[in-house]
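Structural features, examined
What follows is the residue order along each chain.
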Amino acid sequence: MMKEIEFTLNGTRTRTETQPGERLLDLLRERLGLTGTKEGCGIGSCGACTVILDGKAVNACLVPAQAVDGRELVTIEGIMQNESLHPIQDALIRHHAIQCGFCTPGLVMSAKALLDENPDPSRGEIQRAIAGNLCRCTGYEQVIEAIQDAAKGGKTQC
Amino acid sequence: MLIRDYIRASSLEEASERYAAGGYILFAGGTDLMVKARGKKWYQDKTFLDISGLQELKEIREEENFLCVGAAVTLTELEENREVRERLPLLYEAVRSVGSTQIRNRATLAGNLANACPASDCIPALVTLGAQVEVYGGKGKRVIPAEQIFRECRACLRHSGMHVRTCYYSDPTEKKLILEPGEMICGIRIPFPKPGTGHWFYKLTQNRTIGMAVMNLSMTVEPDERGKARRIRLSAGGIFPRPVCLETVRGKNAGKSLREACLEQAVNAIEQEKDLLADYPYKRRVFPELIEEGLEALLPDGEEDS
Ligand SMILES: Cc1cc2nc3c(=O)[nH]c(=O)nc-3n(C[C@H](O)[C@H](O)[C@H](O)COP(=O)(O)OP(=O)(O)OC[C@H]3O[C@@H](n4cnc5c(N)ncnc54)[C@H](O)[C@@H]3O)c2cc1C
Ligand code: FES
Ligand code: FES
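In this report, the structure presented in the accompanying data block is examined. Keep in mind that what you see is a predicted model, and the values were worked out from it rather than measured.

**Regarding the sheet that holds strand 9 (residues 198-204) of chain B**
All names here are of chain B. Ordered in space as 9-10-11-12, the 4 strands form an open sheet in which the pairing is antiparallel. Two strands in the sheet have a free side with no partner beyond their single neighbour: strand 9 and strand 12 (246-249). Strand-to-strand twist across the sheet, computed as the mean angle between neighbouring axes with direction ignored, equals 10°. Bridging between strand 9 and strand 10 (residues 215-223) involves 7 bridges; their strand directions are antiparallel. Directly across from phenylalanine 201, in strand 10, lies its bridge partner serine 218. Set on the sheet, helix 8 (residues 122-129) makes contact with strand 10 and strand 11 (229-237); between it and strand 11 the angle comes to about 155°.

Structure follows, in structure tokens:
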């Protein structure tokens with residue numbers, strides 16, 4: 001059944017129609033036009049679709065759209081701060097942690113969920129937080145360094 | 001994704017009534033169901049009945065010597081729970097080895113058990129610890145030992161590699177558990193091991209990404225009053241069509257040491273699965289090695305006597 005749901009999307013109350021068969025990923029990309037969240041595998045393995053639901057990183061390909069009714073969702077489109085890049089995005093650029101960029105929105109969201117809960121993570125904690133995000137071009141070293149840098153306030157020039 | 005409908009249950013009773021009436025499939029974290037619903041048309045006449053928001057299923061509480069984990073508790077919530085970390089370290093390690101952060105943020109322990117995958121990381125830990133499953137149905141609650149809740153599932157062990165998407169059942173609860181129609185899991189009760197009990201968890205994967213185990217091993221060694229190893233319990237994923245707990249007790253092994261008896265029993269058990277396992281020669285070789293490694297760590301020196 002078509003159903004109207006209401007939830008907080010990137011800080012704004014949002015109402016929208018949804019079909020039962022829609023995944024959160026379809027709702028974002030097809031219905032709301034928020035294509036920053038990517039579909040890599042569609043089966044929870046790559047993390048390209050990572051979004052933050054009630055403070056936790058989740059795979060948007062594994063969440064039914066109607067399950068977000070009444071909840072709070074943050075996507076890559078919602079993390080700019082006063083028109084400037086989020087410190088994690090900024091650090092990824094400075095650390096050359098992006099090649100094709102397909103994995104980047106998902107990685108940013110995983111890193112943000114981590115730093116929101118744990119502002120001073122160890123290297124191991126960073127590795128665990130991004131273990132569900134596959135990157136086929138850059139590898140993970142630069143990404144880990146960037147996240148460490150962002151956690152420290154993002155000052156290192158590379 | 002092709003489903004008839006999706007609804008959120010508003011209470012355990014309502015969920016149970018609907019589920020018993022038919023046409024519904026229980027939906028907790030959805031990390032198994034969403035994968036299957038994507039590729040298959042199995043659920044076009046089914047409604048996903050989401051129980052993840054039911055407060056009565058979200059509790060983790062201590063009751064006598066058990067930790068009771070509600071069916072809607074996620075793996076992340078378990079990982080963050082101090083009792084689990086400090087008093088159920090075997091379960092803690094098993095839970096932490098599941099998938100990724102994103103998966104653990106949604107996946108439930110009950111869903112992992114109900115899905116009954118022979119390569120699950122949590123089931124062998126639960127079976128080794130002697131967990132009990134609380135089941136809710138029309139006639140009220142009943143409790144089933146975890147080891148007795150499963151039926152054999154041979155299909156996926158015939159294929160090399162283990163993937164969530166190779167599960168052949170649209171509703172594994174129906175095919176792989178002994179539940180009556182309409183019965184659902186409402187919680188899992190895990191006894192705290194005796195003080196001094198050692199634990200070992202090992203997950204062998206094809207690569208070090210977030211996939212299912214090729215094999216995994218959960219093991220505990222319980223001491224007697226003098227601190228000497230008395231009882232070994234172990235369970236393994238990726239080998240057996242139905243989770244089993246292999247137990248070895250000191251002094252009951254016809255003169256063999258505890259270590260020898262434990263290994264012999266494990267080797268006999270895997271040899272029964274010769275015709276079933278796709279990667280039998282490999283698994284037959286590696287299984288005893290995994291156990292030896294655990295015993296090495298858990299048995300103090302001088303434990304060779306019978
Ligand atoms: C990318 C990826 C990686 C994974 N890695 C691992 C891994 O490393 N190790 C591992 O063990 N698993 C892994 N899994 C599998 C999965 O995450 C677990 O099996 C998960 O714990 C299932 O819980 P859920 O709440 O998501 O279940 P759901 O998908 O909601 O349900 C699973 C099944 O259980 C039934 N069910 C759910 N709750 C109940 C209940 N209360 N009573 C009766 N039946 C119920 C459902 O009807 C369904 O058939 C992985 C999955 C993915 C997608
Ligand atoms: S698209 Fe969701 S994890 Fe790959
Ligand atoms: S930069 Fe291309 S996949 Fe990560």
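**Observations concerning the interface of chain A and chain B**
A common way to express how large an interface is: the accessible area buried when the components associate. Counting residues at the interface gives 35 residues for chain A and 27 residues for chain B. Surface buried jointly by chain A and chain B totals about 2,400 Å² across both partners, of which 52% is contributed by carbon and sulfur atoms. Ranking the residues of chain A by area buried against chain B places Ile43, Leu62 and Arg128 of chain A at the top, with a combined share of 27%. On inspection of chain A and its partner chain B, the count reaches 3 salt bridges. Between arginine 38 of chain B and glutamate 39 of chain A there is a salt bridge; the shortest N-O distance is 3.8 Å.

**Quick word on a nonpolar patch on the surface**
Residues and elements named next belong to chain A. Judged by side-chain polarity, Met80, Leu85, Ile93 and Ile98 come together as a nonpolar surface patch covering roughly 330 Å² of accessible area. Examined against the element boundaries, leucine 85 turns out to sit in the loop between strand 5 (72-74) and helix 2 (87-94). Since its relative accessible area comes to 38%, leucine 85 is described here as partly exposed.

**Re the site of ligand 1**
The immediate surroundings of ligand 1 are formed by 36 residues, with Leu26, Thr31, Asp32, Thr108 and Asp121 of chain B found nearest. At ligand 1, the nearby residues belong to more than one chain, namely chains A and B. Between threonine 31 of chain B and ligand 1, the recorded distance is 2.6 Å, taken from a side-chain N or O atom to an oxygen atom. At 2.7 Å from an oxygen atom of ligand 1 is found a side-chain nitrogen or oxygen belonging to threonine 108 of chain B. Relative to its free-state accessible area of 990 Å², ligand 1 is covered by the protein chains to the extent of 99%. Sorting elements by how many residues they give to the shell around ligand 1 places helix 7 (residues 109-115) of chain B first, with 4 residues.

**Some thoughts on the nonpolar core**
Residue and element names in this part refer to chain B. Counting 89 residues, the largest nonpolar core has Phe48, Leu109 and Ile190 as the members making the most contacts within it. Considering every element that reaches this core, the biggest residue donor is helix 8, with 6 residues. In this structure isoleucine 190 touches Asn65, Phe66, Leu67, Val69, Leu88, Leu91, Leu109, Leu126, Leu129 and Ala131, once residues within four positions along its chain are discounted. Membership of the second largest hydrophobic core comes to 31 residues, among which are Trp200, Ile232, Ala269 and Val286.

Rules used in this analysis
- Sequence order as written defines residue numbering, which begins from 1 separately in each chain.
- Throughout, the order in which chains and ligands are written sets their labels, letters from A for the former and numbers from 1 for the latter.
- Two thresholds apply to this predicted model, a pLDDT of at least 70 for residue-level local features and 80 or more for giving and counting side-chain atom pairs, whereas whole-chain, interface and lining totals are computed over all residues.
- With hydrogens and water excluded, all non-hydrogen atoms of the structure serve as input to the side-chain values.
- Two strands are said to pair when DSSP picks up at least two bridges between them.
- Starting at the N terminus, helices and strands are each numbered in turn, a helix being any DSSP run of H or I of at least four residues and a strand any DSSP run of E of at least two.
- Each axis is a line fitted through C-alpha atoms, and for a helix only the stretch in contact is used; angles between axes span 0 to 180 degrees, taken between their N-to-C directions.
- What makes two residues a contact is simply this: any of their non-hydrogen atoms within 4.5 Å.
- Here the quantity called buried area is the accessible surface, traced with a 1.4 Å probe, that two parts lose on coming together, added over both.
- In the sections that follow, a salt bridge refers to a side-chain nitrogen of Lys or Arg positioned within 4 Å of a carboxyl oxygen of Asp or Glu.
- Each patch is built from residues lacking any salt bridge and having more than 30% relative accessible area; the joining distance is 9 Å for like charges and 5 Å for nonpolar side chains (Val, Leu, Ile, Met, Phe, Trp, Tyr).
- What sets the accessible areas is the Shrake-Rupley method with a 1.4 Å probe; for residues, cover comes only from the shown protein chains.
- Burial status follows relative accessibility: with a 1.4 Å probe on protein chains alone, a residue under 20% of its type maximum counts as buried, one over 50% as exposed, and anything between as partly exposed.
- Each residue is tested against the molecule or strand, and it is near if at least one of its non-hydrogen atoms lies within 4 Å.
- By the criterion applied in these results, polar contacts are pairs of N or O atoms within 3.5 Å in which, for protein atoms, one can donate a hydrogen and the other can accept it, and in which residues neighboring in sequence qualify only through two side-chain atoms.
- Buried Ala, Val, Leu, Ile, Met, Phe, Trp, Tyr and Cys residues form a nonpolar core when they are joined through side-chain atoms within 4.5 Å.

The analysis is restricted to geometry; functional conclusions fall outside its scope.
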